[in-house]
Every structure is written in structure tokens, then in C-alpha cells.
Amino acid sequence: MDHALPDTLPVPWPDGGAHPPAATVAALERAATVLRGGGLVAVPTETVYGLAALALDEAAVARIFTAKGRPASNPLIVHVADTAMARSLAAAWPDAAERLAAALWPGPVTVVVPRAAAVPDLVTAGGATVALRCPAHPVIRRLIAMVGAPLAAPSANRSLRLSPTTAGHVFESLGARVDLILDGGPCSAGIESTVVDCTAAEPVVLRPGPVAAATLATLLGHPVAAAGDRAGVARSPGQLRRHYAPRTPLEVAADAPRVVRRAIRAGKRVGWLCLTPDAPATRAVAGSTEAVVVPMPAVPQEYGARLYALLHALDRRSLDLIVADAPPAEAAWDAIRDRLTRASSPDETGDADGTAP
Ligand code: AMP
Ligand code: MG
């Protein structure tokens with residue numbers, strides 16, 4: 001791998017249609033060449049930026065793990081052009097996978113299915129299943145089509161850190177560890193895909209995400225349990241309690257105004273992801289020079305689209321604490337609650353900032 005800083009190539013695609021600007025096609029051709037040579041390309045998707053490599057090339061996949069500092073126990077999602085490519089990587093194609101793919105692909109849902117022999121062990125962390133997604137973003141879609149092969153692509157950040165939702169975030173996190181960055185602007189969903197295990201008789205949500213449990217239930221014809229809700233149902237391998245974390249300590253609080261006031265009194269500089277910007281208790285601290293109050297949208301999709309970019313921005317301000325209002329106790333907020341909970345969990349590894357070489 002090249003140790004120079006990577007080029008960042010803009011890949012504007014104004015209408016998402018069949019004919020992107022010539023410069024976008026040229027950038028994609030360069031990216032396809034890097035990938036065919038076994039290199040790593042950071043690429044926008046509708047969820048977060050992915051760190052892509054040829055999924056069926058074990059040496060290329062190994063570079064992903066090295067670049068991220070990702071433990072080999074954490075399997076990768078393989079990105080495909082369509083259901084036919086997905087099925088070529090699966091030993092069986094359960095009915096639930098077919099229903100979800102038919103209704104939601106291309107889009108931000110990942111299905112876990114029995115793996116085909118062609119999928120390298122490294123991709124599946126040695127497991128018997130493989131996670132597959134057909135993304136909607138035109139840039140990664142065209143890239144998969146140009147390469148003509150599936151791309152393994154976890155989030156393009158150092159392991160355990162915040163996922164990137166802009167090309168700048170990728171550059172800051174991975175620098176020379178990536179060969180090329182495609183800049184497609186900010187990601188629209190802004191949080192990682194919904195992951196559904198389709199190998200069990202009753203599918204299970206392994207990771208909540210942009211596609212809500214209610215949508216899955218409608219498509220599958222029954223309620224869909226979340227891993228952890230049911231005794232004996234394992235979570236995804238590699239999913240640590242602490243994940244998606246900023247460097248600044250984060251606290252999720254049901255009584256955020258009190259937590260913020262207390263921190264200010266203790267001499268701390270505080271950021272507040274605030275769901276009640278107009279409440280009197282908020283106004284009372286908003287004027288303080290010790291507090292950065294960030295009004296958050298009361299719609300989960302809009303909240304998710306901004307969350308990581310705001311955490312990245314707050315992280316740069318050297319605050320002592322970030323406080324987030326606990327999201328409403330509704331299923332529509334499951335994915336946001338999951339990401340905030342993980343980001344505020346204590347470090348289990350002793351290497352929370354992932355900066356070890
Ligand atoms: P990332 O691409 O960084 O968002 O991480 C992908 C996540 O998908 C992993 O952390 C796993 O939790 C999940 N995943 C990937 N492959 C599998 C699999 N075969 N079975 C269950 N979960 C998986
Ligand atoms: Mg990740």
C-alpha cells in the first residue's frame with residue numbers, strides 16, 4: 001500500500017441519473033483501477049462512508065482490517081450490485097432475505113445469510129454466514145458495476161471511532177492508510193445500515209438502523225425481535241458495547257438541563273445535543289460561554305443525518321463533556337438510541353481512541 005496521503009477526488013452526481021459528469025466517471029475509473037489492484041478506496045454510501053476492497057480477494061480484505069485496526073473477530077458487510085450478485089455469495093437465500101431485498105434494495109438494509117464457499121473467511125470472521133447489502137448511493141453502485149465484483153466495505157474510520165459522514169472525516173481518521181478517497185458530499189442517512197439476521201426461522205435485527213423495525217415487520221408479516229431482546233439470541237459478532245464513539249466523553253441524560261448545569265458549575269465546557277431548544281431550562285444555559293447548545297431535530301431520520309457530523313465537530317472543540325438528551329422511548333428512535341448508548345458506554349478495550357499504530 002502507498003504511504004503518501006491519498007488524493008480526494010470529487011464525484012458530484014447532480015441528479016443521481018444515468019449520466020454523471022465526465023470528471024465523476026474519470027474519478028470512478030481511477031478508483032476501479034485501485035480496487036482491481038487490491039487497494040483500498042473510501043467511497044460514499046447513503047449510510048456512512050465505506051472503506052472498500054475486493055471482497056473475494058483475501059489480501060485486499062486483510063488491508064481493510066489493518067487500516068482500521070479492526071479486530072479479526074468483527075466481520076465485514078459485502079456490497080453488491082443486485083440480488084443476483086448477492087445470491088452468488090450465499091449458500092442459501094432465505095425467504096426473509098428475498099422479501100427484504102425485493103422491497104428495500106437498493107437501500108440501507110443488510111441481510112445476514114448462509115455464506116457461499118467463495119467468500120473468504122476473513123470477511124465472515126470465520127463464521128458460517130455473510131452480511132450482504134445493495135447500497136443506493138449512485139457512486140458505490142457505479143463503482144461495483146465498473147469493478148464487476150462485490151466490495152467489502154466497513155465504515156471508513158479507525159475501529160471504534162465515529163463513522164465518517166464526509167470525505168473530510170475519512171481523511172482525518174485514516175489518512176495515508178487509504179489509497180484514494182471519493183468525495184460525494186455528506187451522507188444522507190448518516191448512520192450505519194439496519195442489519196437483519198435472516199438465517200433464523202424468525203429474522204432478528206442485529207443492529208437497528210435507517211430502516212425501522214416497523215417497516216421490517218410489515219414486509220415480513222410479523223414483529224421482528226432485536227438481538228438482546230430475546231434470551232439466547234446472540235448479537236452480531238464483533239459488536240462491542242462501546243462503538244461509534246467521539247473522543248470527548250458523552251453522557252445520555254433523561255434530565256439533560258440538570259446534567260449540563262452541574263457540569264458548568266464544576267468548571268467544565270459542555271456540548272449539548274438538545275431536543276428541546278426552546279424550553280426555558282435550555283435558554284437559561286444557552287447564553288453561557290461554557291456551553292455549546294446544538295438544537296437537534298425531533299425527527300429521527302433528520303437527527304441521524306446530522307449526529308456523527310455534529311459529534312465530529314464537537315470533538316474538535318476540546319470540550320470536557322458532550323450531553324445528549326435521551327431520545328424519546330419510541331421504536332422509531334431505536335437506531336439513534338443504540339448509537340448514543342454505544343458512544344457513551346465505558347471503554348471495554350483499553351484502546352478506545354483506536355490510535356495504536
Ligand atoms: P461496519 O461495516 O463497520 O458498520 O460493521 C459491520 C457490522 O455488521 C459488524 O460489526 C457486524 O456487527 C455486522 N456483521 C457483518 N457480518 C456479519 C455476519 N456474518 N453476521 C452477523 N453480523 C454481521
Ligand atoms: Mg464501523
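Scoring rules and cut-offs
- Residues numbered from 1 in each chain as written.
- Chains lettered and ligands numbered in written order.
- Predicted model: local features only at pLDDT ≥ 70, side-chain atom pairs only at ≥ 80, totals over all residues.
- Heavy atoms only, no water.
- Buried < 20%, exposed > 50% of the residue type's maximum accessible area, 1.4 Å probe, protein only.
- Helix = DSSP H or I, 4+ residues; strand = E, 2+ residues; numbered from the N terminus.
- Contact = heavy atoms within 4.5 Å.
- Phe/Tyr/Trp six-rings, centres within 6.5 Å; stacked < 30°, edge-to-face > 60°.
- Polar contact = N/O pair within 3.5 Å; in protein donor to acceptor, adjacent residues only side chain to side chain.
- Pairing = 2+ DSSP bridges.
- Axes fitted to C-alpha atoms, helices over the stretch in contact; angles between N-to-C directions.

Enquirer: What is the right way to look at helix α12 (residues 334-343) in this model?
Expert: The element α12 is extensively covered by neighbouring structure, given that seven of its 10 residues are classed as buried. For α12, every residue scored as buried is listed here: A335, I336, D338, R339, L340, R342 and A343. On its buried face, α12 is in contact with β10 (204-207), β12 (250-253), α11 (300-315) and β15 (321-325).

Enquirer: Which parts of the structure should I look at to understand the packing of aromatic side chains?
Expert: Describing an aromatic ring pair means giving the distance of the ring centres and the angle of the ring planes. Evaluated as defined, the whole model comprises two aromatic pairs. With centroids separated by 6.2 Å and ring planes inclined at 50°, the aromatic side chains of W93 and W105 adopt a geometry described as tilted. With a gap of 12 residues between them, W93 in the loop between α3 (83-88) and α4 (95-104) and W105 in the loop between α4 and β5 (109-114) connect regions that are remote in the sequence. Residue classification places W93 among the buried positions, given a relative accessible area of 14%. Between the aromatic rings of Y303 and W333, the centroid separation amounts to 5.4 Å while the plane-to-plane angle is 80°, which identifies the pairing as edge-to-face. One end of the pair, Y303, is in helix α11; the other, W333, is in the loop between β15 and α12, and 30 residues separate them in sequence.

Enquirer: Hey, could you run me through the side chain of T124 in this one?
Expert: Tracing the sequence through the fold places T124 in helix α5 (residues 121-124). Classification of T124 by relative accessible area gives buried; the value is 4%. In this structure the side chain of T124 is engaged in a polar contact, spanning 3.2 Å, whose partner is the side chain of R115. When neighbours within four sequence positions are excluded, T124 is seen to be in contact with P75, R115, V119, T129 and V130.

Enquirer: I keep staring at the pairing of strand β6 (residues 129-133) and nothing clicks. Help me out?
Expert: In terms of residue burial, β6 counts as a mostly covered element, since four of its five residues are buried. Pairing geometry for strand β4 (residues 77-79) and β6, over three bridges, is parallel. Bridging across to β6, I77 finds its partner in A131. Two elements, β5 and β6, share four bridges in a ladder whose sense is antiparallel. Counterpart to V113 in the pairing with β6 is V130.

Enquirer: Looking at this structure, I do not really get the sheet that holds strand β9 (residues 194-197). What am I missing?
Expert: Within a sheet, adjacent strands bond to each other through the backbone by hydrogen bonds, running parallel or antiparallel. Reading across from one edge, β1-β8-β2-β3-β7-β4-β6-β5-β9-β10-β11 is the order of the 11 strands in this open sheet, with mixed pairing throughout. Looking at the sheet topology across the chains shown, the edges are occupied by β1 (7-10) and β11 (225-226). Relative to β10, β9 runs antiparallel, the two being bridged by three bridges. Residue pairing in the sheet places D197 in a bridge with V204 of β10. Here helix α1 (residues 22-36) sits on the sheet and contacts β1, β2 (41-43), β3 (50-54), β7 (151-152) and β8 (180-183); the angle it forms with β8, its principal contact strand, is near 145°. Of the strands in this sheet, β3 and β7 touch helix α2 (residues 58-68), which is tilted by about 155° from β3.

Enquirer: Got a minute to help me understand the sheet that holds β12 in this structure?
Expert: The strand order across the open sheet formed by four strands is β12-β15-β13-β14, and the pairing between neighbours is parallel. The sheet terminates laterally at β12 and β14 (291-295), the two strands that pair on one side only. Each adjacent strand pair in this sheet contributes to an overall mean axis angle of 20°, direction not counted. Pairing of strand β13 (residues 270-274) with β15 involves four bridges; the strand directions are parallel. When the sheet's bridge partners are listed, L273 is paired in β15 with A324. Lying over the sheet, α11 contacts β12, β13, β14 and β15, oriented at roughly 175° with respect to β13.

Enquirer: Where do I start with the side chain of T194 in this structure?
Expert: With respect to the helices and strands, the residue T194 is situated in strand β9. Among the polar contacts listed, one links the side chain of T194 to the backbone oxygen of V211, at a separation of 2.9 Å. Apart from residues lying up to four places away in sequence, T194 is in contact with P108, V109, T110, V205, R207, P208, G209, P210, V211 and L216.

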